[in-house]
Amino acid sequence: MENENKELYSKTYSFAPYEQSRHNTKKYKPNEYDVIIAGAGLSGLSCAFELASKNKRILILETHPYAGGRTSSFDDNGMKVESGLHRYIGYYSALPSLLKQCGVKINDIVTWEEKTDVLIKKQNKKLVLGVAPFFGFIKTARSILGNNEVLSARDKLSLMPFFLSGFTSYVFSDRLDKYSVAEYANRHKVSEKAKRLILEPLSTGIFFRPPENYSAYAFFGLFAPAIPKFYKMRIGAYLGGMTDLMCNPIVKKVQSLGGEFHFKEPVDSVIVKDGGVVGVKTKSNKEYFAEQTVIATTLPAAKKILNPLADRRELIKLFRLPCMSSCSFQLELDRPSMKKDITTFGPGTDLVSLAEQSRTTFRESKGRLSVILGNAKEYSNKQTEEILPSVLKQLNSLGIHLDGHIIDARKVSEENDFYSLDKGNQHLRPRQRTGIKGLTLAGDYTLTSSFATMEGAVKSGKKAAKNCLQSL
Ligand SMILES: Cc1cc2nc3c(=O)[nH]c(=O)nc-3n(C[C@H](O)[C@H](O)[C@H](O)COP(=O)(O)OP(=O)(O)OC[C@H]3O[C@@H](n4cnc5c(N)ncnc54)[C@H](O)[C@@H]3O)c2cc1C
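Residues numbered from 1 in each chain as written. Predicted model: local features only at pLDDT ≥ 70, side-chain atom pairs only at ≥ 80, totals over all residues. Heavy atoms only, no water.

### Structural notes on the overall build of the chain
If you tally the helices and strands in the chain, you get 16 helices and 19 strands. Taking 23 Å as the expected radius of gyration for a compact globule of 472 residues, we find that the chain reaches 23 Å, a close match to that expectation. By residue count, 59% of the 472 residues in the chain fall in the buried class. For the chain, the exposed area adds up to about 20,300 Å²; of that, 53% sits on carbon and sulfur atoms. (Helix = DSSP H or I, 4+ residues; strand = E, 2+ residues; numbered from the N terminus. Rg over C-alpha atoms; globule rule 2.2 N^0.38 Å. Buried < 20%, exposed > 50% of the residue type's maximum accessible area, 1.4 Å probe, protein only. Areas by Shrake-Rupley, 256 points an atom, 1.4 Å probe, with all protein chains shown as cover.)

The structure is reproduced here in structure tokens:
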């Protein structure tokens, strides 16, 4: 796989000298590309694929030397890491469809989980949540009827009005976004235990925000598609690095269709002419021109790139949409940390979700633990060595003892990489079509029927491509 990567990127860089001389002498032709895409995350890649398949001349400019953005895997000073623990949800449709068109079958790259574990702090007990009503019917039924040692029938029943009312409200309006998960749970009298052991893992464990902040709209919106597609529901753990398994095949396909990738070439700003966008200027002062420019970066990067248009009312939502940080902590071990590689939650600790990965994603490792940290903003400002003692202490409280087994550790974090899933922000998600000539947006923060997920990113890229095609 490593050799394959080298080939991919050396092929990519082969464009560079040509670009260099062309731009130094300023002999570029305006509109030599139909579309320029800033960002090779899943949204940029999905947009690139749609456009390249329609024979459009496209250029993708990416900051990093690899594709995938928040869905990537890379080498961090000698340790293989991923952007963070990722799970594929069985009801996704846009992502598997894109992958299929690039020659990747989802069943070949993930292993399916039918249950998840919720570890109970300081009690050496766990609650098992079945997540595959069709494929793992018995496990799902057991998790509803069982778990009685940790969750009483009263606790379980207290969740029913919450879920029934929540899913109904989600389908018929977006007023749920007025409430946080905790507020909505209190309105429906969910018991304290059910809030802590079920709602906290399903909110903080997935989008790092505590139930007190996390929007009830995003909470129900993430699970709602699973209801009509219950027969598809299960969770996929990747069988290798996401850049290798998913992103590089898309890059290769786009290249085979004539698309150009320039890695390690960050975009600085859009070039504005007569009120419209005509191209981009890179951080190394090169200028590229195209009929359409798609900004498919993270939200804070998009705000910087679009700064020349900051006073335009068409972009008011984008500039007002707040961001939040994520922070992942990855441990290389001399033995597995847990008996199985399955999604695990640690309510009441900052280890909001975690998984052993040495039998799945990092099979070359003897032991490999990936943890998503709550209180991400606080952790993202700390060094790996500062975080490690606190992570180990909290792992101990969950019954995972790793002292003397750690070979290496990394914090992986990019500040403010997500749009904020706190309540009240849904109406600020901008559409892909901006109303500004030549400018389209893509990214999981733009408005789709999904949230900040791989599926949402792919859908946003498709919508962005459709918008470009209508304007070309
Ligand atoms: C820790 C973590 C766990 C997650 N878990 C899951 C999960 O379990 N399931 C799930 O479905 N989703 C998960 N996600 C979310 C998913 O990864 C994202 O929704 C998706 O990757 C977003 O894709 P994107 O293209 O919108 O943005 P990104 O992937 O962020 O892509 C943006 C790209 O733009 C590039 N860029 C930035 N600035 C510039 C610039 N100036 N010029 C050029 N390029 C630039 C970046 O390098 C990046 O490649 C998780 C994310 C994280 C971080």
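### Some details on the packing of helix α3 (residues 42-53) against helix α11 (residues 242-256)
Between α3 and α11, the least distance of the axes is 9 Å, while the angle of their chain directions is 30°. Taken together, α3 and α11 sit at an angle that is classed as roughly parallel. The handedness of the crossing between α3 and α11 is left-handed. Counted together, L42, L45, A48, F49 and A52 of α3 and C247, I250, V251, K253 and V254 of α11 form the full contact between these two elements. Classifying every residue of the contact of α3 with α11 by side-chain character gives nine nonpolar, no polar and one charged. (Axes fitted to C-alpha atoms, helices over the stretch in contact; angles between N-to-C directions. Parallel < 35°, antiparallel > 145°, perpendicular 65-115°, else oblique. Left-handed = near helix turned anticlockwise from the far one by under 90°. Contact = heavy atoms within 4.5 Å. Nonpolar A, V, L, I, M, F, W, Y, C, P; charged D, E, K, R; others polar.)

### Some details on unusual backbone geometry
Despite not being glycine, N147 has its phi angle at roughly 55°, a positive value. Mapped onto the elements, N147 comes out in the loop between α6 (137-145) and α7 (153-172). Residue N147 is classed as buried on the basis of its relative accessible area, which comes to 17%. Phi at F208 is positive, roughly 60°, even though this residue is not glycine. Relative to the assigned elements, F208 resides in the loop between α9 (192-207) and α10 (216-223).

### Points about a nonpolar patch on the surface
There is a patch of nonpolar side chains on the surface, built from F134, F135, F230 and Y231 and spanning about 410 Å² of accessible area. Topologically, F134 is positioned in the loop between β8 (125-130) and α6. (Patch = residues over 30% accessible without salt bridge, like charges linked within 9 Å, V, L, I, M, F, W, Y side chains within 5 Å. Salt bridge = Lys/Arg side-chain N within 4 Å of Asp/Glu carboxyl O.)

### Some remarks on the sheet that holds strand β6 (residues 110-113)
Read from one edge of the open sheet, three strands run β5-β9-β6, paired in antiparallel fashion. Looking along the sheet, the strands with just one partner apiece sit at the ends: β5 (87-89) and β6. Averaged over all neighbouring strand pairs, the angle between strand axes comes to 35°, with direction disregarded. As paired elements, β5 and strand β9 (residues 235-238) share three bridges and run antiparallel to each other. Considered in β9, the bridge of I89 is made with I235. (Pairing = 2+ DSSP bridges.)

### A look at the site of the ligand
Around the ligand, the surrounding shell holds 36 residues, and the nearest of these are E62, T71, R87, Y92 and D444. Between the ligand and the protein, one listed contact pairs an oxygen atom with a side-chain N or O atom of S43 at 2.7 Å. Between the ligand and R70 there is a distance of 2.8 Å, counted from an oxygen atom to a backbone nitrogen or oxygen. Contact with the protein chains removes 93% of the 1,000 Å² of surface that the ligand exposes when unbound. Elements with a contribution of two residues or more to the shell around the ligand: α3, α12 (299-305), β18 (406-419) and α16 (454-471). (Near = heavy atom within 4 Å. Polar contact = N/O pair within 3.5 Å; in protein donor to acceptor, adjacent residues only side chain to side chain.)

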